[in-house]
Amino acid sequence: TYDDRQIKHLLDGVVGSCKKLISDLEPDVILYPKSSSPLLKRFVDLLHKAYPKIKIADEAFIKKMLKAEDEEGLLNTDHPDWKKFSEKYPDTVIELKKSIKRLMKGGTLELKSFYKQHAKFLKNFIEMKDASNTLDQVIGKRVLVVDDVLSSGSTMLEMFRQLREFEPESLSGLTIFKRTSKTNH
């Protein structure tokens, strides 16, 4: 395990590594999802301390259980990889739909149960905590979305998908870590 001093050192290093990126992006607001990891909140607090003019939208998104009447409502066919994936692997698309149906219990699908490589093709698994407040903070602004770990990219893409509807001037993403493991845990 790591002690608090080591964690602060790590996060200070990440904030320091982000200086050029943040000065190039000049974000007006930072949004981040509610996380079970206290690391994300500490990271955002350090970013805010380093860049006090940037507004912070605390825990603007909440991961949720997926709900849909059928599997079609959960598929993100607007994802940039969908067309190529569905044309190249039509049998896998059929299996994907079957696995959604199989993993849905009582109308909900827990994202953790889903095959990670296909999670990017799901939508509506994140909801905005307060859409009207988020709209006020995002419309016409330079937005930086921050998360703790980039695994499949599905969380970041879903937040981007929803935020684009609010017409930000720009939309960028930043994570503390990128998962490089090929395993699905």
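Cut-offs applied
- Residues numbered from 1 in each chain as written.
- Predicted model: local features only at pLDDT ≥ 70, side-chain atom pairs only at ≥ 80, totals over all residues.
- Heavy atoms only, no water.
- Helix = DSSP H or I, 4+ residues; strand = E, 2+ residues; numbered from the N terminus.
- Buried < 20%, exposed > 50% of the residue type's maximum accessible area, 1.4 Å probe, protein only.
- Areas by Shrake-Rupley, 256 points an atom, 1.4 Å probe, with all protein chains shown as cover.
- Polar contact = N/O pair within 3.5 Å; in protein donor to acceptor, adjacent residues only side chain to side chain.
- Contact = heavy atoms within 4.5 Å.
- Axes fitted to C-alpha atoms, helices over the stretch in contact; angles between N-to-C directions.
- Parallel < 35°, antiparallel > 145°, perpendicular 65-115°, else oblique.
- Left-handed = near helix turned anticlockwise from the far one by under 90°.
- Nonpolar A, V, L, I, M, F, W, Y, C, P; charged D, E, K, R; others polar.

Colleague: How should the overall build of the protein chain be read in this particular structure?
Modeller: Helix and strand content of the protein chain: 7 helices and 7 strands. Ordered by position in the sequence, the α and β elements of the protein chain form the string α-α-β-α-β-β-α-α-β-β-α-β-α-β. When burial is assessed residue by residue, the protein chain has 39% of its 185 residues classed as buried. Here the protein chain has roughly 11200 Å² of accessible surface; of this, 51% comes from carbon and sulfur atoms.

Colleague: Is there a simple way to think about the environment of Thr155 in this case?
Modeller: Among the structural elements, Thr155 can be located in helix α7 (residues 154-164). We classify Thr155 as buried; its relative accessible area is 12%. Measuring from C-alpha to C-alpha, the distance between Thr155 and Leu122 comes to 9.6 Å, with 33 residues separating the pair along the chain.

Colleague: Before we go on, may I ask you to explain the side chain of Thr175 in this structure?
Modeller: Structurally, Thr175 can be placed in strand β7 (residues 170-178). Within the structure, the side chain of Thr175 is placed 3.1 Å from the backbone oxygen of Phe177, a separation counted as a polar contact. Those residues in contact with Thr175, other than ones at most four positions away along the chain, are Asp147, Asp148, Val149, Leu150 and Met156.

Colleague: What is the right way to read the packing of helix α1 (residues 4-17) against helix α3 (residues 38-50) from this model?
Modeller: The relative placement of two packed helices is expressed as an angle between their axes plus a distance between the axes. At a minimum axis separation of 10 Å, α1 and α3 run at an interaxial angle of 55 degrees. The orientation of α1 with respect to α3, classified from their angle, is oblique. You can see that α1 and α3 cross each other, and the crossing is right-handed. Facing α1, whose interface residues are Asp4, Ile7, Lys8, Leu11, Asp12, Val14 and Val15, α3 presents Leu39, Arg42, Phe43, Leu46, Leu47 and Ala50. Of the residues in the contact of α1 with α3, the class split is 9 nonpolar, no polar and 4 charged.

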